[in-house]
Amino acid sequence: MSIGITQVSRGFVGKWSKMGLGFSAVRMTSAAMSTLSSQQGSISVVSGVTNEQSGYYNYKSSANGSRAKYASQFVAASFTAAVLCGGIGSAVLCEAPHQPDYAQVRKSITKIIEDDDKWGPTFVRLAWHTSGTFDKMSNTGGSDGATIRFDPEASYGANAGLTLAMAELEPVKKEFGTALSYGDLYTLSGVVAIEAMGGPSIPWRSGRVDAANGSLCTPDGRLPDAEKDVANRGTIAGTVQHLRDIFYRMGFNDQEIVALAGAHALGRCHPSRSGYSGPWTRAPTTFSNAYFTELLDNKWTLKKWDGPVQFEDPTGDLMMLPSDMALIWDSEFRKWVEIYAKDEEKFYADFSKAFQKLEENGVKAFDKSLQEAVSKKKSWWN
């Protein structure tokens, strides 16, 4: 059967059609759905199933092969919506909920941080780990889908403790309902937290479509490790190369790697989660360039303990991981550490750009190349 589907959503304009495909998608207003129903035939809910996880509702057309000439606009998220909504059959239509008031979403997140500032660094980590699984070669992973909610991804060692952050944000999700995707909520929480802790404003936009289950979870190992070659107590060269392997896979360069590492000005390590212990700076709930000044100005020696390899300052209060020390062991990394230690304003500007890129990697709704390619494709009825 040939199916031509177009849609209206988020202001993107264009057309899309697919012939002989087992599933297609459209995100339409209720009014548009009514028009579709009147012109193409009855619309029935597929087995009475609604996908509350993703915020979309699945429908199946009972009119086979009818041309949908009356639907006229497209967004690049359509194909993603079809897959993530689990649409299989004649034509699966995903009705988009209304847009939430994101200013109010921000206020709700800010309130959580104001009530307990420990959540600030944790929300940044949640946003980071939600997004940092992107692989530019396979175009998989990233914040689209918010697969960090599901096992096995939720149980990966690198994500230890993040179920607590997700639970803390659940009341916000319930407040705004299906109009707010988990992917948008988790990434926005990181942006809000950084700004609330004195960091730079970071451009953010909605459009992430949640996965319905864990079938799209990425394999373990896509997030950076604290050290490489753990069995041999770590190696300098191995740890440096590991950082480049992880971040180059996402499309980052050396400067962006160092800029993103500056988020270690926030938070601390917990032995019960990562095995490591201690904060990187003396103000772990304040965003600043202190991480870089500590790296350069403090004296770091191997910590003598039964835990994993980490470094400590003379007071024993602060710590650095081998992956942190790699930034001053490698000359290309170190030059950016020195720049950011001297110029906090430049660090803020570079961090803002890199963090936006991190959060938007792999989001189909923001994929310009996909939008352009699809908009050039002629409809089958023309």
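Remember, it's a predicted structure, so these values are computed and weren't measured experimentally.

(A) Summary view of the overall build of the protein. The secondary structure content of the protein amounts to 13 helices and ten strands. In the protein, which comprises 382 residues, the proportion classed as buried is 54%. Once local pairs closer than 6 in sequence are excluded, the contacts in the protein between residues at least 24 apart make up 70%. Working note: accessible area of the protein is about 16500 Å², and carbon and sulfur atoms make up 51% of it.

(B) Main features of the pattern of salt bridges. Inspection of every chain in the model, using the stated rule, returns 15 salt bridges. With a closest N to O distance of 3.3 Å, R106 and E195 form a salt bridge. Taken together, the residues span a long stretch of sequence, with R106 in helix α3 (residues 102-115) and E195 in helix α6 (residues 182-196) at a distance of 89 residues. Judged by its relative accessible area of 27%, R106 is partly exposed. Residue E195 is classed as partly exposed on the basis of its relative accessible area of 27%. Residues D317 and R282 are paired through a salt bridge, measuring 3.4 Å at the closest nitrogen-oxygen approach. Here R282 lies in the loop between β7 (278-279) and α9 (290-297) and D317 lies in the loop between β9 (311-312) and β10 (319-320), a separation of 35 residues in the sequence. Note on R282: relative accessible area 52%, which makes it exposed.

(C) Expanded view of helix α10 (residues 322-329). Among the eight residues of α10, seven are classified as buried, and the element is accordingly described as predominantly covered. By the burial criterion, the buried members of α10 are P322, S323, D324, M325, A326, L327 and I328. Looking at the packing, one finds that the buried side of α10 touches α7 (236-250), α8 (254-261), α9, β9, β10 and α11 (331-342).

(D) Representation of α3. With 14 residues, α3 extends 20 Å between its outermost C-alpha atoms, agreeing within 8% with the 20 Å of an ideal straight helix rising 1.5 Å per residue. Looking at α3, one finds that the buried residues are Y102, V105, S108, I109, I112 and I113. An end-on view of α3 places all buried positions within 140 degrees of arc, on one side of the element. Exposed and oriented more than 90 degrees from the buried face of α3 are K107, E114 and D115. Residues of α3 that are buried sit in contact with α4 (119-131), α5 (162-176) and α6. With a side-chain oxygen positioned 3.1 Å from the backbone nitrogen of A103, the residue opening α3 is D101.

(E) Expanded view of the packing of α4 against helix α12 (residues 344-360). At a minimum axis distance of 8 Å, the contact between α4 and α12 shows a crossing angle of 55 degrees. The angle between the axes of α4 and α12 places the two elements in the oblique class. Remark: the crossing between α4 and α12 carries left-handed chirality. Across the interface between the two elements, V124, A127, W128 and S131 of α4 pack against F355, L358 and E359 of α12. When the residues that make up the contact of α4 with α12 are grouped by side-chain class, the tally is five nonpolar, one polar and one charged.

What counts and how
Residues numbered from 1 in each chain as written. Predicted model: local features only at pLDDT ≥ 70, side-chain atom pairs only at ≥ 80, totals over all residues. Heavy atoms only, no water. Helix = DSSP H or I, 4+ residues; strand = E, 2+ residues; numbered from the N terminus. Buried < 20%, exposed > 50% of the residue type's maximum accessible area, 1.4 Å probe, protein only. Contact = heavy atoms within 4.5 Å. Areas by Shrake-Rupley, 256 points an atom, 1.4 Å probe, with all protein chains shown as cover. Salt bridge = Lys/Arg side-chain N within 4 Å of Asp/Glu carboxyl O. Expected span 1.5 Å × (residues − 1). Arc of directions from axis to C-beta. Polar contact = N/O pair within 3.5 Å; in protein donor to acceptor, adjacent residues only side chain to side chain. Axes fitted to C-alpha atoms, helices over the stretch in contact; angles between N-to-C directions. Parallel < 35°, antiparallel > 145°, perpendicular 65-115°, else oblique. Left-handed = near helix turned anticlockwise from the far one by under 90°. Nonpolar A, V, L, I, M, F, W, Y, C, P; charged D, E, K, R; others polar.

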